[in-house]
Every structure is written in C-alpha cells, then in structure tokens.
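Close look at the chain arrangement
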2 protein chains.
Amino acid sequence: MTEQSVPTTAAGEPATARGEQTRQLIVDTAMRLFRERGYARTTMRAIAQEAGVAVGNAYYYFGSKEHLIQEFYARAQTEHRAAAGPVLTRESDLAARLAGVMHAGIDVLTPSHSFAASFFKTAAEPTSPLSPFSAESSGPREAAIALFAEALEGSTARVDPELRPHLPELLWLAYMGVVLYWVYDRSPGQTRTRQLIDGAVPLVDRLVGLSRLRVLRPVTRQVLDLIRTLRH
Amino acid sequence: MTEQSVPTTAAGEPATARGEQTRQLIVDTAMRLFRERGYARTTMRAIAQEAGVAVGNAYYYFGSKEHLIQEFYARAQTEHRAAAGPVLTRESDLAARLAGVMHAGIDVLTPSHSFAASFFKTAAEPTSPLSPFSAESSGPREAAIALFAEALEGSTARVDPELRPHLPELLWLAYMGVVLYWVYDRSPGQTRTRQLIDGAVPLVDRLVGLSRLRVLRPVTRQVLDLIRTLRH
DNA sequence: AGTCTCACTTGAACGCGTTCAAGAACTGCC
DNA sequence: GGCAGTTCTTGAACGCGTTCAAGTGAGACT
C-alpha cells in the first residue's frame, strides 16, 4: 500500500468534545505565551506544561510549532473583517475605504508586532503551509481578497472595466506589501507603516483613476497581460 | 565592566594563515553540501566531519549556520557583476541593459534554486543579519545597487531629473521583487521568472519614460515624497 | 632553550522541536 | 457488565544547532 490510508479525522480536527476542549486549551496557552515571551522563546515544552498536557499531545493537534501560527492567522483575519466593518458602511470614497481597510488590518496586528516579526520568516518560506500564497492559507487569503472586493464594490470609484476584475487581488497584494513593510518597521508604534498607508492609498486611488486615461491604456493592458502570463 | 572588551580579531576574520585555510575549507565544504543535500538537510556535524574539523571549530569562524549563507551571498554578488559585464558593455538601451542585469542575476542563482528557497526564510526575518536590508548585508546590497546605477548611467534613456537619483535603488527593489518571485517560482527551470523579467522590464522602461510627462508629474512627485517620508 | 601569549581547536553537554510505541479513556454494541 | 474500536494522551528518546571550559600549537621575546 503506497496509498495513504484515509484518516478518520484530519490532523488538528478533533472528533470529540474532549478533543475540542484540549485543542482550544493548547491554542489559548500558546497565543498567550507567544505574546508574553515571543515566538522563539516559547518552547513546545512550556506550552504543554502551562496547558497541563504532555508535549506529544500538542503534536496530536498541531503538526508542528508553525501550525500554531496558522491559528493566529485565522483569528487575525476574523478580527480584521470585524474592524473594517464600520468604515465600510460609513465611507463611499474608494481612497477612504481602502485606507480604512488597511488601517484596520494593521490595528489588529499591532499588539502582536514583536512576535509576528519573529515568525514572519516561517511564513516567508515558499514551501511552508504558512505562506500567504499556499493552498493551506487559501481560506484566510480569499477572505482577505473578498474584503478588498467589498471595499471596491461599495465605492463610487469608476474603474477601467478591464482592470476591475483583477483589482481586488492586486489591492490585496499591495496590502501584503504594507504588511511586509510593517514587519520590518522599527519606528515607534510603527508610525511609518501608517504613513505608508496614508501615502500609498491616494497614489493607488489616483492610478486606478488614471487607468481610464487613453495614454495609459497600453500600460494598463501591458500590466494585465503580464499578470495573466504569470498566473498559470 | 558592562562594556564589551575589544576583541583582537573580529569573529570570522582569521589572523593567521592556518586560520584562513581552515575557514576556506569549512566554507567550501558547506557550499558543496548545501548544493548536494539542501540547506536544512546539511547538518553542522556533517560539515565539520567532511571538512575534518570539530563542530566547535566551525563556530569559531561562523557565528551560526546562517552566517555560512552570507558567504553564499557574497559569492553570488561577485558572480552577478561578472555575468552582467558583457551586456553592460554591449547594450545602450535602458530596457536591454536592465533585462541583461536581471537575467544575469537569475542565471547566477539558478543552480542554487532548490536550496536557496529553503534558506530564504532565514533571510526574510527582519532581525536576521541575512536580511537584504540589514546592516550586515550592506556590502552586497550596495554593490547590487551600484550595478543598477551602472545600468542606468550607461544607457541613452532620458529620465525625470527628480527621479533619477532614486532610480538605482528603486530598480534594485524591483529586482528584489523578481528574486522574491523566483524563490516562489515552481515552473520548470523557473521560466516564469524569465517571463516576469521580459514582461516587467519594458513596463518599467515605459514608466520611466512617462515620468517626464506633464500629466504624470504629480504622481511622480507623490511617489518620491512617499519614499522620502519612509526613509528616516 | 625556555616561557609567554594568543590564535586556534576540541568534543561533551545543553535545550530545543519532533517522533512514536505504548497505554488510557471514551463510545457504541451485544 | 463485557467487549471492540476509536480517539486521545503519555513521556522517553532522537537528532539538531549551539555553547564553553579545557586544551594544543606556533611565533615572539628574553
């Protein structure tokens, strides 16, 4: 049998109430310790001990220490949507909506800046399930792209119709750039990242507007062609 | 004494011929094993054993396994400059020069794709000395930026004078984007990365040309202002 | 030649993430 | 109650990167 036998339950998905409870306990403990001590200085032994379980038990629910981070992602994404809610009901200007969504994302991440940076390297590895481009992250990723689609749809902005369908993903990509900058941002309170958002969003807004200009048509098309080529 | 005592030699800089020789032996062995087995599967014990030295001896010259990678960077940078030489003497068109420099960089990296990806995560960590933005990497980084300055200066392209002084660094940043894409590139022979270069370079070339257009002046200035703000 | 100095070398030991064979606890069925 | 089959739990053990107290060796000075 070279085939993998079908497991009755996927790793990390408890089948009983007891399992669900243990899993939650481990996650909560891990998140607390990550925040308190940072990612690298939190050992799996410490998590297990504080949670009152055996080390091996944590590995029953999470394939690795990295997998605990995925839980962090999922939580952050949910919080991000919630935090972006008000601005999306209030504003109708694209620039304001984009800035609102991006600031909301950074708001959610800010308390975790110190340790988020330390596990960022794991997420950056192409083969890692934590990569924002990986199949395993498709849930949070698509939720995030949907958030930008919402920001776009609810706005009064007029957009080149060729560009429009690709824009949510491009905006998400730009947001990933902001997050990348945020990770590297050493300024107190990451104020630089706020400046980046406030500086880049009007720029993006302006470019989106310009995309309907005749002179820029070829450029827009060139960009879209490139994107189509690079995606399988 | 809270002050650090001044070491007679910096870590990794041997003072004797014997030391120099050992250091080279370790580097060469490490590079060979990285290529043969990949970064993660090459243990420090294996490197030491194959080089015929004790484990601790490797740590006398290199503060960590990661520091061995810096050696790889330095070598790649030197090779990159050499590989870009011909095209820089031959071509005068900016697009051709840029494409030449970028392709040369990927040419140099290609044999290492499999293991470069596996240690990329280390380089991505902001606090890592391996980060392309870190002080420790300033040598290779500035050499790379200089390479793009050379590509620009030797070209016939006319550039907005306000933009010009910032352009080499922006081009390097774009190149970092290409390398990032390359790391994630799973297509056979990384042909997608080649397409990215061939698609993005004319685009960049066009944008640089357009930067002198009256309509786009404000945008150009907005971009430059943002860059100025984000840099300390 | 003796001895001082300092660059270099050693390998056992530490703490970490991770694995796994063994067992405990729970559930459904008779 | 008794049995079977899962689900969950355990902790010792493995291999890894890294540290460090203890050595070795080669040149400089007397």
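Quick summary incoming for the structure in this document. Just so we're clear, the structure is a prediction, and the values are computed from it rather than from any experiment.

Glancing now at the overall build of chain A. Tallying secondary structure elements over chain A gives ten helices and zero strands in all. In sequence order, the secondary structure elements of chain A are arranged as α-α-α-α-α-α-α-α-α-α. Along the three orthogonal principal directions, the C-alpha set of chain A runs to about 65 × 50 × 30 Å. Per-residue burial over chain A gives 48% buried out of 232 residues. Long-range contacts, defined as pairs at least 24 residues apart, comprise 68% of the intrachain contacts of chain A with a sequence gap of at least 6. For chain A, the accessible area works out to roughly 12,000 Å², and carbon and sulfur atoms hold 55% of it. Side-chain charges of chain A comprise 26 positive and 24 negative groups, with the mean position of each set lying 4 Å from the other.

Turning our attention to the environment of Val87 of chain A. Along the polypeptide, Val87 of chain A turns up in helix α4 (residues 67-90). Each C-alpha atom, one on Val87 of chain A and one on Val101 of chain A, is 7.5 Å from the other, the two residues being 14 residues apart in sequence.

Residues and elements named next belong to chain A. Assignment of secondary structure puts Leu163 in the loop between α7 (138-153) and α8 (167-184). Between the C-alpha atoms of Leu163 and Thr29, which are 134 residues apart in sequence, the distance is 45 Å. Filtering out sequence-adjacent residues up to four positions away, Leu163 remains in contact with Leu170, Ser211, Thr220 and Leu224.

Criteria and cut-off values
- Residues numbered from 1 in each chain as written.
- Chains lettered and ligands numbered in written order.
- Predicted model: local features only at pLDDT ≥ 70, side-chain atom pairs only at ≥ 80, totals over all residues.
- Heavy atoms only, no water.
- Helix = DSSP H or I, 4+ residues; strand = E, 2+ residues; numbered from the N terminus.
- Buried < 20%, exposed > 50% of the residue type's maximum accessible area, 1.4 Å probe, protein only.
- Contact = heavy atoms within 4.5 Å.
- Areas by Shrake-Rupley, 256 points an atom, 1.4 Å probe, with all protein chains shown as cover.
- Lys, Arg positive; Asp, Glu negative; His and termini not counted.
- Charge placed at Lys NZ, Arg CZ, Asp CG, Glu CD.

So, to be careful, I would describe these as geometric facts and stop short of saying anything about function.
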